[in-house]
Amino acid sequence: MKILKKLGLLILLVILAAQFFGPEKNDGDVASVESFFADTNPPEDVKLILKTACFDCHSDYTRYPWYNNITPVNYWLDGHIRHGKGNFNVSKWNDYSDQKKDHKLEELMEMVEARDMPLESYSWVHSDANLTDAQIESIIEWVKMARLKYAFIKGPE
């Protein structure tokens, strides 16, 4: 029994010590998405959807919830953010070629239409990120219009 108490105390100390460490935060400026907005020209309702449901993981600016201060939750969130930005980062929009921009918009449309984005684990705690059928349709219409620009640039295939 003494071993279990010592082991429990050791685990508690490790957990407490871990609270003083955490991953680097994704504290960029919300203005970093302006070039994406300027280039793709989403209507105001779509801008709001993107800010609410997408940009925490797909831009250089994240609105962190209170529980991000708890280790190991902060590492779990950081993993989601890094993965999301690795796949699609609107803050790096100007770094993408026109072909890549077109492809990323196509993927965005497919993921939203299939309801694979936003992630269910994100929507659990961000209920405002649960997209309605009308919101999904608005995103799809906007993406189709935005992609016309890149289809024109690419030319016929």
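Sequence order as written defines the numbering, with residues in each chain counted from 1. Confidence filtering applies because this is a predicted model: local features only for residues at pLDDT of at least 70, side-chain atom pairs given and counted only at 80 or more, and all residues used for totals across whole chains, interfaces and linings. To get the side-chain values, all heavy atoms of the structure are used, and hydrogens and water are removed first.

Caption draft 1: View of the pattern of salt bridges. When a carboxyl oxygen of Asp or Glu lies within 4 Å of a side-chain nitrogen of Lys or Arg, that pair is called a salt bridge. One pass over the full model with this rule turns up ten salt bridges. For aspartate 39, the salt bridge goes to lysine 149, with nearest N and O atoms at 2.3 Å. You can see aspartate 39 sitting in helix H2 (residues 34-40) and its partner lysine 149 sitting in helix H8 (residues 133-154), a full 110 residues away along the chain. The salt bridge involving lysine 92 is made with aspartate 60; its shortest N-O contact spans 3.4 Å. One end of the pair, lysine 92, is in the loop between helix H5 (73-87) and helix H6 (98-113); the other, aspartate 60, is in the loop between helix H4 (55-58) and H5, with 32 residues separating them in the sequence. Residue classification places aspartate 60 among the buried residues on the basis of a relative accessible area of 16%. Residues joined in a network through salt bridges with shared partners are Asp39, Lys101 and Lys149. Strands are runs of DSSP state E lasting at least 2 residues, helices are runs of H or I lasting at least 4, and numbering of each runs from the N terminus. Partly exposed residues are those whose accessible area sits between 20% and 50% of the maximum for their type, while under 20% is buried and over 50% is exposed, using a 1.4 Å probe and protein chains only.

Caption draft 2: Main features of unusual backbone geometry. Omega for the peptide link from threonine 71 to proline 72 comes to 15°, which places this bond in the cis form. Here proline 72 shows up in the loop between H4 and H5. A cis amide bond, omega -10°, links methionine 117 with the succeeding residue proline 118. Phi is positive for asparagine 41, close to 50°, though the residue is something other than glycine. Looking at the element boundaries, asparagine 41 is found in the loop between H2 and helix H3 (44-53). For arginine 115, which is not glycine, the phi dihedral falls at a positive 60°. Note on placement: arginine 115 falls in the loop between H6 and helix H7 (120-125). A relative accessible area of 45% places arginine 115 in the partly exposed class.

Caption draft 3: Structural context of H6. The end-to-end C-alpha distance of H6 is 22 Å, a good match for the 22 Å that 16 residues give at a rise of 1.5 Å each. Residue arginine 115 follows H6 closely and has a positive phi angle near 60°. Given a helix with a known number of residues, its expected span is that number minus one, times 1.5 Å.

Caption draft 4: Up close: a negative patch on the surface. Each patch is built from salt-bridge-free residues with over 30% relative accessible area, joining like charges within 9 Å and nonpolar side chains (Val, Leu, Ile, Met, Phe, Trp, Tyr) within 5 Å. Only the protein chains shown count as covering a residue, and every accessible area follows the Shrake-Rupley method with a 1.4 Å probe. Counting rule for charge: Lys and Arg are taken as positive, Asp and Glu as negative, and neither His nor the chain ends is counted. Note that the charge is assigned to NZ on lysines, CZ on arginines, CG on aspartates and CD on glutamates. On the surface, a cluster of negative charge is contributed by Glu110, Glu113, Glu137 and Glu141. Listing elements by their share of the negative patch, those giving two or more residues are H6 and H8. Given a relative accessible area of 39%, glutamate 137 falls into the partly exposed group.

Caption draft 5: The arrangement of the environment of serine 32 in detail. Secondary-structure assignment places serine 32 in the loop between helix H1 (2-18) and H2. Serine 32 sits in the partly exposed class, given a relative accessible area of 22%. Through-space distance from the C-alpha of serine 32 to that of lysine 100 is 19 Å; in sequence the pair is 68 residues apart. The contact criterion used throughout is that any non-hydrogen atoms of two residues lie within 4.5 Å. Those residues in contact with serine 32 that sit more than four places away from it in its chain are Asp60, Val90 and Ser91. Within the structure, the side chain of serine 32 is placed 2.7 Å from the side chain of serine 91, a separation counted as a polar contact. The definition of a polar contact used here is a pair of N or O atoms within 3.5 Å, where within protein one atom must be able to donate a hydrogen and the other to accept one, and adjacent residues in sequence count solely through side-chain atom pairs.

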